[in-house]
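The lines below spell out each chain.
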Amino acid sequence: MFSVEVRNRMMIAHSLPDPFFGPAQNLHGATFVVDVAFFREELTEQNVVVDIGAALDVLGKTLAPLGYQNLDALPQFKGQLTTTEFLCKYVFDRIADAARSGALGGDGKTLSRIRVTLSETDLARASYEGPIGG
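If you're wondering where the values come from, they're calculated on a predicted model, not measured in any experiment.

Colleague: Explain the packing of aromatic side chains here, please?
Modeller: Geometrically, a pair of aromatic rings is defined through the distance of the ring centres and the angle of the planes. Scanning all chains against the criterion turns up four aromatic pairs. Judged by centre distance (5.0 Å) and plane angle (85°), the ring pair of phenylalanine 20 and phenylalanine 21 falls under edge-to-face. Taking 5.9 Å as the distance between ring centres and 75° as the angle between the ring planes, the aromatic pair formed by phenylalanine 77 and phenylalanine 86 counts as edge-to-face. Put simply, the rings of Phe77, Phe86 and Tyr90 pair up and form one aromatic cluster. In this structure, lysine 89 is placed above the aromatic ring of tyrosine 128, and the distance from its NZ or CZ to the ring centre is 5.3 Å. The residue whose ring lies beneath arginine 94 is tyrosine 90, and the NZ or CZ to ring-centre distance is 3.6 Å.

Colleague: Is there a simple way to explain the sheet that holds strand E1 (residues 2–14) in this structure?
Modeller: Sheet strands associate in pairs through backbone hydrogen bonding, adopting either a parallel or an antiparallel arrangement. Pairing in this open sheet of five strands is mixed, and the strands run E3-E1-E2-E4-E5 from one edge to the other. Both edges of this open sheet fall to strand E3 (69–70) and strand E5 (125–131), since each of them pairs with a single strand only. Pairing analysis gives 13 bridges linking E1 to strand E2 (residues 28–40), with the strands arranged antiparallel. Bridging from a neighbouring strand, arginine 9 pairs with valine 33 of E2. Across the face of the sheet, helix H1 (residues 52–63) comes into contact with E1 and E2 while running at roughly 20° to E1. In this fold helix H2 (residues 84–101) packs onto E2, strand E4 (113–119) and E5, with an angle of close to 145° to the strand it touches most, E4.

Colleague: Even after reading the chapter, I still don't get the pattern of salt bridges, so can you show me in this structure?
Modeller: If charged atoms from side chains of opposite charge come close, those side chains can pair. Overall, the coordinates contain seven salt bridges when judged by the stated rule. We note a salt bridge from aspartate 35 to arginine 7, for which the minimum N-O separation is 2.6 Å. One end of the pair, aspartate 35, is in strand E2; the other, arginine 7, is in strand E1, with 28 residues separating them in the sequence. We classify aspartate 35 as buried; its relative accessible area is 7%.

Conventions we followed
Residues numbered from 1 in each chain as written. Predicted model: local features only at pLDDT ≥ 70, side-chain atom pairs only at ≥ 80, totals over all residues. Heavy atoms only, no water. Phe/Tyr/Trp six-rings, centres within 6.5 Å; stacked < 30°, edge-to-face > 60°. Lys NZ or Arg CZ within 6 Å of the ring centre and 35° of its normal. Pairing = 2+ DSSP bridges. Helix = DSSP H or I, 4+ residues; strand = E, 2+ residues; numbered from the N terminus. Contact = heavy atoms within 4.5 Å. Axes fitted to C-alpha atoms, helices over the stretch in contact; angles between N-to-C directions. Salt bridge = Lys/Arg side-chain N within 4 Å of Asp/Glu carboxyl O. Buried < 20%, exposed > 50% of the residue type's maximum accessible area, 1.4 Å probe, protein only.

Coordinates in, geometry out; function isn't part of it.
Here you go:
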């Protein structure tokens, strides 16, 4: 299995209003390093997994609406605990949609899998991985 990974960053604010989260129940900031890995069984005709420029562009456009925002105030997250794991799936869904729609180029539609990893620190990260579906 071949893979290519691209990276960006996102700064957000949010709260996790459940006693499970202790002090993180309160509003706080987080800076995530966001890695997206694209997988395919065989290389394309150009001997690549995906167009890296297109992958970087799609990741940037996916994260832009969230950057420097209080996620608690965004309608798409109303009533959700915006944990790192939850945000991985949120980003995955948008990247997979972009792959299916051709935003990663024609070869993006034939990717095998995508993995999204959000690192909170160098000691803690979460991921979501799955087929692009469709």
